Amino acid sequence: MIAPLASNQSSWRKTGSLWQACYWTALAVVFTWAIWQRFALPLTPIADPDTWGYLSPALRKLTGAEFGHSQGRNFLYPGFLYLVLRCFGDFRAIGIVQHLLGLAAGGLFLLTWRRLRVFVPDSLVNPSLYDAFGLAGTAIYLLASDTIRIETQLRPEGISAFLISINLYFAVQFVSCSFLERRRTGAVVCGSATVLTSLLLASAKPSFWFAAIVVMVPVVAFFLRQNWWRQKIALGLAIAVTAALVLWPERILSRKDAESQTFLPTMLFVIHADLIRDQMAEDLKENAHLPYSREWLERVYAALYSEIGKSQTNYPGHYPSLKFNPEYLWFDPSSITTQLRREFGSNVSALCDFYRFYYWRTWQRRPFRALQKVARQFSIYYYPDCPAYAPMKIWPLMDVYERAATSLDSEDYRKIARSLPALTDFMQRTKSLAENAPATEQQRLLRGALADLAVSYMSLLVLGLILSAIIFWKQVRWRRLRWLAALVLFGSAYNAASCLEVAIVNSLEVHRYITVQMYATLLTQFLLLWLILEFALDITQRRDTIARDLVAPL
C-alpha cells in the first residue's frame, strides 16, 4: 500500500509542477503579446471633438494660465493629463502611461480572480481549471482590440478600466477581510481604498456613480455589524477625509465654469426631447397652470417640434432607439438649446430650472413612456448580444486619425500651439498619421471568443440569477456556494447600475458608455461560469454518492 501511495503522490507533484510551468509560461506569453500589440501601434493619442474639454485645462496651465474647469468636465482626468505632460513634455507619454495602466488592469483581473477563490474554500472545480479560467479571462481582456483602442483615447475612458479594476479588487479584498477572514486592520485599509477608488472612478467617469453606490453596499453592511467600533470609527474618518479630498476640489473648480451648471440639465432635456415635446403639447391643450406663460411656451413648443423634425431629416439612422438625434439639438448653432440660451440671456439658473422642470414633469405625467425609454436602452446592452464585446476584424487607424486631425484643426488649438511646442508636435503627428497610419486586425481566435461571450452573456446571466435565487432560498442545502452567489449578484448589479444610469440620463447607443464596461462584464461572466460549474458538479457528486449508497448493501 505504501509504494502505490508514494507513487501517486509523486505523480501528482509532477503533474502539478508541469501545470504550474505551463501556466506561468502562458501568462508570460499573454503579457508579452499584449505589450507588443500596444507598443507596435502609434503612441500618439487620439483626439475627438470632446478632447478640448479634457485637454484645455492642462494646456492653459502649461502656458502659464490658471488650471480650471472647461465644458463641465471633472478636474481628475485633465489633472492627469497635466501631470503627464508636465513630467514628460510629449503627448506620446499619455499613450504610454494609459497603455501601462491598461496592462495593470489586466494584471488586477488575474489577481482578483485568484483572490476570489477564498470565497469557496471547498470548491469542486479543479484548481488547475480554475487558474485556466483566470488566465483565459486575462488574455481576452488584454488582447481585445476594444481594450487597446480605449487606451489610445484622449478622454477619461483611457484610464477608466484601470480605475474599475482597482476598485473591484479592493472591494473583493474588503469583503474578504471583513466577513470571511476577520482581519480588522485589513478591513479598514481595504474599505478606505474601496471608497477612494469608487469616488475617483465616478468623478473621472460620471456614468459610474450608480455603480459606486453598489460598491458601497458592503461598506454599509460593515457599519451595521456588531462590535468592531474602533474599526468603524477609523473607516468613517477615512471616508470623510477621502470624500473631502476628491469632491471638494471639484466643487471649488466648477464654480468658475458656467457649463458645469448647464451640462447635466441640458443633457436631460435633449435626451428626453420627444417626451418633453409631447408633454408640452398636453399642457398647452389642457391649459395647465405652469410657471411659464402660455405664449412663451407655445413658441418653445413650436421650436422644439421643428428642431426634432430637422434632426430626424438631417441625421436619419442616428440614435435609432430614440428616433431623433439629441446631439443636433444640443450642439447645432441654430437648434433648440441655442434658442433657449438666447431666450434666458444671462440667467443661467433660470434656464437650468426650466430644463429640470420639464424633465421631472415628464417623469411625473408620463412615467410609463419614460420607463419604456429606459427599458429600450437596457435592451441595447443585454439583448440579444452584449455589445461590451466587440469581435471586429479591422481597426482602420487612418480613418481614426483623420477624424482626430479634423478635431484638432481649430483656432483654440492653434492659438495655444504657438507657445507650446509639444502641442504643435502632437498636431503634426496626428496629421501625418491621418495619411499613413496602419490598420490593425484582431485575431480570428479572439474574435470567436468575443462573439461567443457576447452571444452567451444574457443566457448565462439569467441562469446565474436563477441559481443564486435557489442557493439563497435553500441555504442549508447550498451553504457552500452562498458567497459565490453573492458575488454574482454583486457583479450583475455593478453592470446593471452603470447601464441604468446611462439609460436614465443618456443613451447606451453612445458606444463609449458600453465599451468602458467590458472589464466588469467579463469578470462577472466568468463568475457566472464558475457558479454554474460548481452547481453542476455539486449535483453530480450528490447523485454519485446516492448511487453508491444504494449499491453498497448489494
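Here, every reference points to the structure presented above.
Residues numbered from 1 in each chain as written. Predicted model: local features only at pLDDT ≥ 70, side-chain atom pairs only at ≥ 80, totals over all residues. Heavy atoms only, no water.

S.K.: Help me get a handle on the overall build of the protein, residues and values and all.
M.R.: A tally of helices and strands in the protein yields 24 helices and two strands. Against the 2.2 N^0.38 benchmark of 24 Å for 554 residues, the protein shows a C-alpha radius of gyration of 27 Å, consistent with a compact globule. A buried classification covers 52% of the 554 residues belonging to the protein. In the protein, the proportion of contacts linking residues at least 24 apart, taken out of those at least 6 apart, comes to 78%. Carbon and sulfur atoms make up 63% of the accessible area of the protein, which totals about 26400 Å². Across the protein, the centroid of the 56 positively charged side chains sits 8 Å from that of the 41 negatively charged ones. (Helix = DSSP H or I, 4+ residues; strand = E, 2+ residues; numbered from the N terminus. Rg over C-alpha atoms; globule rule 2.2 N^0.38 Å. Buried < 20%, exposed > 50% of the residue type's maximum accessible area, 1.4 Å probe, protein only. Contact = heavy atoms within 4.5 Å. Areas by Shrake-Rupley, 256 points an atom, 1.4 Å probe, with all protein chains shown as cover. Lys, Arg positive; Asp, Glu negative; His and termini not counted. Charge placed at Lys NZ, Arg CZ, Asp CG, Glu CD.)

S.K.: Describe the layout of surface pockets, and please don't skip the residues or the numbers.
M.R.: The calculated volume of the second largest pocket comes to roughly 370 Å³. Of all the secondary-structure elements, those providing two or more residues to the lining of the second largest pocket are helix H7 (157–180), helix H9 (209–224) and helix H22 (482–505). With five residues, H22 is the largest single contributor of residues to the lining of the second largest pocket. The class makeup of the residues in the lining of the second largest pocket is 13 nonpolar, no polar and no charged. (1 Å grid on protein atoms, 1.4 Å probe; cavity = no way out; pocket = protein on both sides within 12 Å on 5 of 7 lines; lining within 4 Å. Points joined across faces, edges and corners; volume = space filled by probe spheres on them. Nonpolar A, V, L, I, M, F, W, Y, C, P; charged D, E, K, R; others polar.)

S.K.: So, the packing of aromatic side chains: which residues are in play, and what are the values?
M.R.: Scanning the model with the defined rule gives 44 aromatic pairs in all. Arranged with centres 6.0 Å apart and planes meeting at 45°, the rings of Phe269 and Phe354 form a pair that is tilted. Linking Phe269 in helix H11 (residues 258–271) with Phe354 in helix H16 (residues 348–365), this pair joins segments that are 85 residues apart in sequence. An aromatic cluster is built from Phe109, Trp113, Tyr130, Phe133, Tyr141, Tyr519, Phe526 and Trp530, whose rings are joined through pairwise contacts. The ring of Trp478 carries the charged tip of Arg477 above its face, separated from the ring centre by 3.9 Å. (Phe/Tyr/Trp six-rings, centres within 6.5 Å; stacked < 30°, edge-to-face > 60°. Lys NZ or Arg CZ within 6 Å of the ring centre and 35° of its normal.)

S.K.: So what's going on with unusual backbone geometry? Residues and values would help.
M.R.: Between Tyr383 and Pro384 the backbone carries a cis peptide bond, its omega angle lying at -5°. Relative to the helices and strands, Pro384 resides in the loop between helix H17 (367–382) and strand E1 (394–396). Here the phi dihedral of Asn287 falls at roughly 55°; this positive angle occurs in a residue that is not glycine. Examined against the element boundaries, Asn287 turns out to sit in the loop between helix H12 (273–286) and helix H13 (294–314). Under the relative-accessibility criterion, Asn287 is labelled exposed at 54%.

S.K.: Lay out the side chain of Glu501 with the relevant residues and their values.
M.R.: Structurally, the position occupied by Glu501 is in helix H22. The side chain of Glu501 is buried and forms no salt bridge, while Lys205, the nearest opposite charge, is found at 9.7 Å. Excluding residues that lie within four positions of it along the chain, Glu501 makes contacts with Pro206, Ser207, Phe208, Trp209 and Phe210. (Salt bridge = Lys/Arg side-chain N within 4 Å of Asp/Glu carboxyl O.)

S.K.: So what about a nonpolar patch on the surface? Which residues, and what values?
M.R.: On the surface, Trp209, Phe210, Ile213, Leu247 and Leu500 cluster together into a nonpolar patch covering about 420 Å² of accessible area. Among the elements that make up the nonpolar patch, the one with the highest residue count is H9 (three residues). Within the secondary structure, Phe210 sits in helix H9. (Patch = residues over 30% accessible without salt bridge, like charges linked within 9 Å, V, L, I, M, F, W, Y side chains within 5 Å.)

S.K.: Just give me the short version of the pattern of salt bridges, but keep the residues and values in it.
M.R.: Tallying each qualifying case throughout the model produces 30 salt bridges. Close ionic contact of Lys205 with Glu157 constitutes a salt bridge, the shortest N to O distance being 2.3 Å. Pair noted here: Lys205 is in the loop between helix H8 (184–204) and H9 and Glu157 is in helix H7, with a separation of 48 residues, a long-range link. Taken together, the shared-partner salt bridges connect Asp48, Asp50, Arg73, Arg155, Glu157, Lys205 and Arg512 into one network.

S.K.: Pulling in residues and values, what's your account of the nonpolar core?
M.R.: Core analysis: the biggest nonpolar cluster contains 147 residues, and Leu116, Leu340, Phe354 and Leu423 have the highest contact counts within it. Top element by residues in this core is helix H24 (residues 518–551). It accounts for twelve residues. Setting aside residues up to four positions removed in sequence, Leu340 forms contacts with Phe269, Trp296, Val300, Leu351, Phe354 and Tyr355. In this structure, Cys177, Val195, Leu199 and Val219 belong to the second largest nonpolar core, which totals twelve residues. (Core = buried A, V, L, I, M, F, W, Y, C linked by side-chain atoms within 4.5 Å.)

S.K.: Give me the lowdown on helix H3 (residues 76–88), citing residues and values where you can.
M.R.: Residues separated by three or four positions in an α-helix point in the same direction, a consequence of the helix having 3.6 residues per turn. Given a rise of 1.5 Å per residue, 13 residues ought to cover 18 Å, and the 18 Å separating the end C-alpha atoms of H3 matches this to within 8%. All of the buried residues in H3 are Tyr77, Pro78, Gly79, Phe80, Leu81, Tyr82, Val84 and Leu85. For H3, the secondary structure elements touched by its buried residues are helix H2 (51–62), helix H4 (92–116) and H7. Backbone geometry just downstream of H3 places Gly89 in the positive-phi region, at approximately 65°. (Expected span 1.5 Å × (residues − 1).)

Read these as layout, nothing more, since geometry by itself doesn't imply function.
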